[in-house]
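# Geometric and topological summary
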Amino acid sequence: MFVGEEPERGEDALDVFLLMGKEYRISRSIRAQWFFQQFNSTLPSPKPKDELIGSNEELEVLSVIPNNQRNPGPYRLVPSTHITFIGRRYRFVFCLDISPSLATVVR
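This report concerns the structure included in the present document. These numbers come from a predicted model, not from an experiment. (Residues numbered from 1 in each chain as written. Predicted model: local features only at pLDDT ≥ 70, side-chain atom pairs only at ≥ 80, totals over all residues. Heavy atoms only, no water.)

## Comments concerning the pattern of salt bridges
Note the cut-off: Within this document, salt bridges are pairs made up of a side-chain nitrogen of Lys or Arg and a carboxyl oxygen of Asp or Glu, the two lying within 4 Å of each other. Put simply, DSSP H or I for four residues or longer makes a helix, DSSP E for two residues or longer makes a strand, and each gets a number counted from the N terminus. Each residue is placed in one exposure class: buried if its accessible area under a 1.4 Å probe, protein chains only, is under 20% of its type's maximum, exposed if it is over 50%, and partly exposed if it falls in between.
Tallying each qualifying case throughout the model produces two salt bridges. Two residues, Asp12 and Arg76, come together in a salt bridge whose shortest N-O distance is 2.6 Å. One end of the pair, Asp12, is in strand 1 (residues 11-20); the other, Arg76, is in strand 3 (residues 75-76), with 64 residues separating them in the sequence. Taking relative accessible area as the criterion, Arg76 reaches 9% and is therefore assigned buried.

Structural data, given as structure tokens:
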């Protein structure tokens, strides 16, 4: 942006869905950093499905839902925007406790 140039005004984003990278878990500090870097600026448009699958980026814009459904974009990230982070992989751990202390009743 040059001196005296007006910033591009976009429609406020109501919801933004972000796809996280597949190699490792992205920390909350990196998520917060992304938010503050994108704050009050125009969001990149979502990539096609084929490009998203092959992407190696930490965070990719998956979808944007605007406040005004009639305006096709561009969209801005504002304080009221709700951000949802979607992981490519999830891990679940189940712990079964069948120790004697589980069945003991203390009076």
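## Side note on helix 1 (residues 28-38)
Selection criterion: Directions drawn from the helix axis to the C-beta atoms are what define this arc. Should any heavy atoms of two residues lie within 4.5 Å, those residues are considered in contact.
Those residues of helix 1 not exposed but buried are Arg31, Trp34, Phe35 and Gln38. Looking straight down helix 1, one finds that the buried residues subtend no more than 100° of arc, so they occupy a single side. Across from the buried face of helix 1, at angles greater than 90 degrees, the exposed residues are Ser29, Phe36 and Gln37. Buried positions along helix 1 lie against strand 1, strand 2 (59-66) and strand 4 (82-86). Following helix 1 by one or two positions, Asn40 has its phi on the positive side, about 60°.

## Considerations on the side chain of Gln38
Within the fold, Gln38 resides in helix 1. Gln38 gets classed as buried once you look at its relative accessible area, which sits at 18%. Sequence-distant contacts of Gln38, that is, excluding residues within four places in its chain, are made with Leu43, Pro44 and Leu77.

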